[in-house]
Amino acid sequence: MVKVEFLGPIGKEPIEIDAKSLTEVAEILKKDPEIKEWLEQSAVAVNDTMVNTLDIKLKDGDRVSLLPPVCGG
């Protein structure tokens, strides 16, 4: 199981899912229309390390974070 965190304005509680890769995580999350919108805009981190591909293998206990774009000044 991996923990998926939704940061900032996404406003969803963390969930745990059974996935062996980021590709599997994305496929599962795309089933939720609200989250699907954020997937296209958000950066992704695995265990606090930013990644730029879904071709990442996951292991039990990994943490995936969706980081939406933010504005600030």
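The structure contained in this document is the topic of the report that follows. This one's a predicted model, so the numbers in the text were calculated from it and none came from an experiment. (Residues numbered from 1 in each chain as written. Predicted model: local features only at pLDDT ≥ 70, side-chain atom pairs only at ≥ 80, totals over all residues. Heavy atoms only, no water.)

### Remarks on a negative patch on the surface
Taken together, the side chains of Glu16, Asp18, Glu24 and Asp60 present a region of like negative charge at the surface. Inspection of the secondary structure assignment puts aspartate 60 in the loop between strand 4 (49-51) and strand 5 (63-67). Overall, the relative accessible area of 65% leaves aspartate 60 in the exposed class. (Patch = residues over 30% accessible without salt bridge, like charges linked within 9 Å, V, L, I, M, F, W, Y side chains within 5 Å. Areas by Shrake-Rupley, 256 points an atom, 1.4 Å probe, with all protein chains shown as cover. Salt bridge = Lys/Arg side-chain N within 4 Å of Asp/Glu carboxyl O. Lys, Arg positive; Asp, Glu negative; His and termini not counted. Charge placed at Lys NZ, Arg CZ, Asp CG, Glu CD. Helix = DSSP H or I, 4+ residues; strand = E, 2+ residues; numbered from the N terminus. Buried < 20%, exposed > 50% of the residue type's maximum accessible area, 1.4 Å probe, protein only.)

### Topic: the pairing of strand 5
Relative to strand 5, strand 1 (residues 2-6) runs parallel, the two being bridged by 4 bridges. The partner of phenylalanine 6 across the bridge, within strand 5, is leucine 66. (Pairing = 2+ DSSP bridges.)

### Here's the deal with the nonpolar core
Counting 16 residues, the largest nonpolar core has Val4, Phe6, Val25, Leu29, Leu58 and Leu66 as the members making the most contacts within it. Counting only elements with at least two residues in this core, the list comes to strand 1, helix 1 (22-29), helix 2 (33-39), strand 3 (43-46) and strand 5. With near-sequence residues (within four places) excluded, phenylalanine 6 lies in contact with Lys12, Glu13, Pro14, Ile15, Leu29, Ile35 and Leu66. (Core = buried A, V, L, I, M, F, W, Y, C linked by side-chain atoms within 4.5 Å. Contact = heavy atoms within 4.5 Å.)

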